Structures are given as structure tokens and as C-alpha cells.
Amino acid sequence: MDLFAIDITLARRSFDLRAALNLGTETIALVGPSGAGKTSLLRTVAGLERPFAGRITLANEVWLDAERGIHLSPERRRVGYLPQDYGLFPHLTVAGNVRFAGKRDRPDLLERLGIAHLAKARPRQLSGGERQRVGLARALAREPRVLLLDEPFGALDAITRRQVRDELGDILAQLQLPTLLVTHAFEDATALAQRIGVMDRGCLVQLAAATELLGAPATVMVAALTGANIVDGIATATDSGSTVRLSGGGELKSATSARGPVHLAVHPWELELADPGASSLTDTVISVSDDRGGLSVRLTRFIVTAPRIANGRAAITEGTLVGLRVAPRDVRVLPR
């Protein structure tokens, strides 16, 4: 198995991008806020930006060595790059776009991606999902050794997004290529990647499997990206962990020992609604909406994922006071 290794520093106006990654035949998703450096990292791997320090290697092949003055051109890197806008030529047909990238006709790729019937169509005649498949076919036509996907679902509606994401997951599993995927959606990252790298202001804050990011986030920003509720409080150590008095009133118990000002991270599906009269933490319902067969209950400080009652109607209504409970092991304490 060839190892793809990245260790670079790239000067930016607002920050220096620093990243170190090692990939086998796996997909790593890069997530983080806008401007974190995700796309810049992809462009650097593709050879479109030149860092002032670092190395990029694929097995024994050196693509970049700033110290030795080595910087292979994009054409020599055997990278399949799918940009955010898919990079299709509007005047070429589907088959023509793929032919341009691979220097020959690739009916096999069109068939594999389910777009053979669109071979004579032009980009303006395609749906968002179809354009994405053509863009991926273009990337694969170069017979790449590394695949770079920049926000591949950004222009798709929710229904098409899930369908295309599932299809892309099947394709990536078959390809067995080192793949870097940029996305803003943690759900997409967990569906497609074996590991997820969280970036913030040019730094790789945490690189881990989704389960580790959910269970042991390194920072508040990582916890927030996974969908956790974030609240502040003052912790007091106890024999079993700590008790945290929340800034807005109420308290939560955590299995983690802590003292002083802290952040707490709790995911919506870990919270349960309870009798407010018997709860050490209460909150007021702001809105209730459908969420994939259940309910998403927005409170003043929390979001809770709750089940429906038997008759299909909401068990709670807007404006009511509810109690909250959560297992101490699910209350993650982060330094403030």
C-alpha cells in the first residue's frame, strides 16, 4: 500500500496553514468553519498553491520538497480534483468533458457513474446530481493516484444530496484511493470518511474517527461541529466526577472531574425530557419540529431530539417548561 504524506506550511493573509496528514487507501474528510484553510490544503496538494515549507510525497515519489526546491506541476501529480463548481466546460458534451481530462474516450466511466445516457448532453442540460457525476468522471479520467473532492454536495438539495452521497461512498469503497474530501457537513463526513480532520484558522485541531470526535472532542469548536449543545458553568469536583452549576441556572453532573469555569458539551440525542418539578435543570420550549420520525425540540439553551408519543402528536408544546436529564458519562467537560 502506497502511503500519501502531507506536511506543509502555507503563508496566508490572515493565518499560516499548517497541516500534517498520512493516508493509506482511505478517505479523510476535512471539516471546519469557512476560511479555515480546507480548500487551500486541497489546492496545495493539487499543485495549484505553493507552500513556503514542507513536503508532499506519494510512496517514493516526491511532489513537493520546499527545502530542496522541488515542486511538481499539477499535470505531473496524477491528482483527480473535483472543485466546488465541478469545473465542467459549458461548450463540451458530457463525453467531451471526460475526454478532455483523460485524453481519450471513457465510456466505461460514464457507464460506471450512471451517466452513459447523457454522453451527448451539455452541462446546462444536467441536474445538480448529474453535473456532480460528470465532474467525478472527469477527475477519475486522469487515472489518479490521489482524489481530491471540494464540497462535492454543496450545490445539491437535501434529497439529491443523500442519494449522491451514498453513490459516492460506494465508488470510493471500490476505488481504494487516498482521498481528501472537504465538506461543511459533519453528517457527510461521517458517512464517507474513515477519519475526520477538523480545521480552524489554518490548523488541524483534531484528526480522528467520528466516534472519537463525538466522544472526546479536543475543543469546544470540535464539539460544536459534531452538533453538540455548548453551555458554560462552574464545576465543583465530587467523588464521582463533578457537578456543574450552569450560567443560566440549573446544574448537570459529569463523570469527568473538574473545577472552576468550564464548557459543557452534550449532544441532542443524549438529553431526555423530564418532569420539571423533579429535575435539577429546566428550560423553556421555543419550537418543536419534525426530525426524521422524531422531534427536534429547541429550548432557550438546548436542542433535544425527542420521540413522538403513540398517537403521532407532539408530547410537548411551545412555551412549556420542561425538565432535562442526561447520564453523567455523556456530559463532556472542556476547559474554558
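Residues numbered from 1 in each chain as written. Predicted model: local features only at pLDDT ≥ 70, side-chain atom pairs only at ≥ 80, totals over all residues. Heavy atoms only, no water.

Topic: the overall build of the chain
Assigned secondary structure in the chain consists of eight helices and 21 strands. Each principal axis of the C-alpha atoms in the chain carries an extent, and together these give about 70 × 55 × 35 Å. Taking contacts inside the chain between residues at least 6 apart in sequence as the whole, the part at least 24 apart equals 63%. Accessible surface computed for the chain: about 16,000 Å², of which carbon and sulfur atoms make up 49%. (Helix = DSSP H or I, 4+ residues; strand = E, 2+ residues; numbered from the N terminus. Contact = heavy atoms within 4.5 Å. Areas by Shrake-Rupley, 256 points an atom, 1.4 Å probe, with all protein chains shown as cover.)

Re the pattern of salt bridges
For side chains bearing opposite charge, pairing can occur when the charged atoms are close. Summed over the entire model, instances satisfying the criterion amount to 18 salt bridges. Ionic pairing is found between R68 and D65, a salt bridge with its closest N-O pair at 3.5 Å. Note on R68: relative accessible area 56%, which makes it exposed. One salt bridge connects E270 with R332, and the closest N-O pair in it is separated by 3.0 Å. Here E270, found in the loop between β15 (260–266) and β16 (272–274), pairs with R332, found in strand β21 (residues 332–335); they are 62 residues apart in sequence, far enough to count as distant. The buried category is assigned to E270, whose relative accessible area is 14%. If you follow the salt bridges from partner to partner, you end up with R104, R106, D108 and E143 in one network. (Salt bridge = Lys/Arg side-chain N within 4 Å of Asp/Glu carboxyl O. Buried < 20%, exposed > 50% of the residue type's maximum accessible area, 1.4 Å probe, protein only.)

Here we look at the side chain of R133
On the secondary structure map, R133 appears in helix α4 (residues 128–141). Ignoring anything within four residues of it in the chain, the contact list for R133 reads L113, I115, Q163, V164 and E167.

Regarding the packing of aromatic side chains
Counting across every chain of the model gives two aromatic pairs. A centroid spacing of 4.9 Å and a plane angle of 80° characterise the contact between F89 and F100, whose relative ring orientation is edge-to-face. Of this pair, F89 sits in the loop between β7 (79–82) and α2 (94–102) while F100 sits in helix α2, placing them eleven residues apart in sequence. Sitting above the plane of the F100 ring, K103 keeps its charged end 5.2 Å from the centroid. (Phe/Tyr/Trp six-rings, centres within 6.5 Å; stacked < 30°, edge-to-face > 60°. Lys NZ or Arg CZ within 6 Å of the ring centre and 35° of its normal.)

Let's talk about the sheet that holds strand β19 (residues 303–306)
Taken in spatial order, the five strands make up an open sheet running β16-β20-β17-β18-β19, and their pairing is antiparallel. Each of the sheet's edge strands pairs with one partner strand only, and the pair in question is β16 and β19. Ignoring strand direction, the axes of neighbouring strands in this sheet form an average angle of 50°. Where β16 meets strand β20 (residues 321–325), three bridges bridge the pair, whose relative direction is antiparallel. By the bridge assignment for β20, E272 is matched with R325. (Pairing = 2+ DSSP bridges. Axes fitted to C-alpha atoms, helices over the stretch in contact; angles between N-to-C directions.)

Description of the layout of surface pockets
One number sums up the size of the largest pocket: a volume of about 540 Å³. Residue lining of the largest pocket: 19 residues in total, with V79, Y81, A101, R138 and R142 positioned closest to the centre. For the lining of the largest pocket, the per-class residue count stands at twelve nonpolar, two polar and five charged. There is about 370 Å³ of room inside the second largest pocket. What lines the second largest pocket is F186, E187, T190, L225, T226, G227, P268, W269, D291, R292 and T305. Broken down by element, the residue count for the lining of the second largest pocket peaks at three residues, all from helix α6 (residues 186–192). Of the residues that constitute the lining of the second largest pocket, the class distribution is four nonpolar, four polar and three charged. (1 Å grid on protein atoms, 1.4 Å probe; cavity = no way out; pocket = protein on both sides within 12 Å on 5 of 7 lines; lining within 4 Å. Points joined across faces, edges and corners; volume = space filled by probe spheres on them. Nonpolar A, V, L, I, M, F, W, Y, C, P; charged D, E, K, R; others polar.)

Some thoughts on the sheet that holds β15
Across the sheet, five strands lie side by side as β14-β13-β12-β15-β21; this open sheet has antiparallel pairing. The outermost strands of the open sheet, each flanked by one partner alone, are β14 (251–254) and β21. In this sheet, neighbouring strand axes are inclined to one another by 40° on average, regardless of whether the strands run parallel or antiparallel. Of the pairings in the sheet, the one linking strand β13 (residues 241–246) to β14 comprises four bridges and is antiparallel in character. The residue bridging V244 from the neighbouring strand is L252, located in β14.

Quick look at the side chain of T57
Take T57: it is sitting in strand β4 (residues 53–58). On the basis of relative accessibility, which here comes to 11%, the residue T57 falls in the buried class. Residues in contact with T57, not counting those within four places in the same chain, are L3, F4, A5, V62 and W63.

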